Amino acid sequence: MPRAKLSVRLPQAAWIGEISTEFPDVEFRVLAALPTDDTGVGLVELSGPDIPAVVKRIEERESILSLELLGESDDRTLIQFETTEPLLLFSVRESGVPLEPPVEIQDGRATVEVTASQDRLSKFGTQLEQFGMSFDVEYVRRTVDATEQLLTDRQRDLIVAAVQQGYYDTPRESSLTELADHLGMAKSTVSETLHRAEETVVKEFVAELDGALLPEAN
């Protein structure tokens, strides 16, 4: 399943975009967030200089319905708030893409990582744009879990053995015949298994390069 990392430009009209730009050295680290029908609740760690001034500016915004200080130290403050402008949460809710905390926001930009199907990632990008947020795609990668293996167990074991024996070194430390002898397998079986594994890996790599999983940012 694809995993994408985005750098999202937050609109200045929204409180988080304006205040994080006003205090560019302060990091807003979203540890948890929950969207409701019309609002969103966030648990955010603030770090950097001028934290009391930042908290005061947040409280002054009409879109902040409530704000509570949960803990503070010399350079960090933990706050919980409810807002009518949870733009990222609304985009997540409408696209069906789960938000993966922490989300780091600094100087008007949010760094967001999401894992979802190609269709949902594309819809997420569209929702961001509809809420007035442009974005840059830092990367799109395919994740592989225990239930979705790119290679069979036999192919994976053979690839690992080939690397360990120096078959893929330049120059090669092991020939195909030597690798087959080491594994106690027929040379033809080793050759065919390696070829199928290499084909799978190369095609997957090229598919990731060519796949446009998200619409282009404005």
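Chemist: Is there a simple way to explain the overall build of the chain in this structure?
Modeler: The secondary structure content of the chain amounts to seven helices and eight strands. In the chain, buried positions account for 37% of the 218 residues. A fraction of 67% describes how many contacts in the chain between residues 6 or more apart in sequence connect residues 24 or more apart. Summed over all atoms, the accessible surface of the chain reaches about 12200 Å², with 48% contributed by carbon and sulfur.

Chemist: Would you explain the pattern of salt bridges in this entry?
Modeler: When their charged atoms lie close together, side chains carrying opposite charge are able to pair. This structure, assessed with the given rule, holds 13 salt bridges. Residue K5 is joined to E138 by a salt bridge in which the shortest nitrogen-to-oxygen separation is 3.7 Å. Taken together, the residues K5 in strand β1 (residues 2-9) and E138 in strand β8 (residues 134-142) connect sequence positions 133 residues apart. Accessibility expressed as a relative area gives 45% for E138, which makes it partly exposed. Of the charged contacts, one joins R57 and E18 as a salt bridge, the two residues approaching to 3.4 Å between their closest N and O atoms. Taken together, the residues span a long stretch of sequence, with R57 in helix α2 (residues 51-60) and E18 in helix α1 (residues 15-22) at a distance of 39 residues. Classification of E18 as partly exposed rests on a relative accessible area of 28%.

Chemist: So what exactly am I meant to see when it comes to the pairing of strand β6 (residues 103-106) here?
Modeler: Successive residues of a regular strand alternate their side chains across the two faces of the sheet. Side chains V103 and I105 of β6 all project onto a buried face; the interleaved residues E104 and Q106 project onto a face where none is buried. Direction of pairing for strand β2 (residues 27-35) relative to β6: antiparallel, over a ladder of three bridges. In the sheet register, F28 faces β6, and the bridge partner there is I105. Relative to strand β7 (residues 109-115), β6 runs antiparallel, the two being bridged by three bridges. The partner of I105 across the bridge, within β7, is A110. A loop of two residues connects β6 with β7, the two strands running antiparallel in sequence, and D107 in this loop sits at a positive phi of about 50°.

Chemist: Got a minute to help me understand the nonpolar core in this structure?
Modeler: Side chains of a nonpolar character, in soluble globular proteins, are inclined to be buried together. By size, the foremost hydrophobic cluster in this structure holds 37 residues, and its most contacted members are V8, F28 and I58. Per element, the largest residue contribution to this core is four residues, and it comes from α2. Residues L158, Y167, L176 and A180 belong to the second largest nonpolar core, which totals eight residues.

Chemist: Hey, could you run me through the packing of helix α3 (residues 87-95) against helix α4 (residues 118-130) in this one?
Modeler: Helix-helix packing is characterised by the crossing angle of the two axes and by the distance between the axes. Interaxial distance between α3 and α4 falls to 9 Å at its minimum, and their mutual angle equals 140°. When the axes of α3 and α4 are compared, the pair comes out oblique. Relative to α4, α3 is oriented so that their crossing is right-handed. Between α3 and α4, the residues in contact are L88, S91, V92, E94 and S95 and R120, K123, F124, Q127 and L128, respectively. Looking at the contact of α3 with α4, its residues break down into four nonpolar, three polar and three charged.

How each quantity is defined
Residues numbered from 1 in each chain as written. Predicted model: local features only at pLDDT ≥ 70, side-chain atom pairs only at ≥ 80, totals over all residues. Heavy atoms only, no water. Helix = DSSP H or I, 4+ residues; strand = E, 2+ residues; numbered from the N terminus. Buried < 20%, exposed > 50% of the residue type's maximum accessible area, 1.4 Å probe, protein only. Contact = heavy atoms within 4.5 Å. Areas by Shrake-Rupley, 256 points an atom, 1.4 Å probe, with all protein chains shown as cover. Salt bridge = Lys/Arg side-chain N within 4 Å of Asp/Glu carboxyl O. Pairing = 2+ DSSP bridges. Core = buried A, V, L, I, M, F, W, Y, C linked by side-chain atoms within 4.5 Å. Axes fitted to C-alpha atoms, helices over the stretch in contact; angles between N-to-C directions. Parallel < 35°, antiparallel > 145°, perpendicular 65-115°, else oblique. Left-handed = near helix turned anticlockwise from the far one by under 90°. Nonpolar A, V, L, I, M, F, W, Y, C, P; charged D, E, K, R; others polar.

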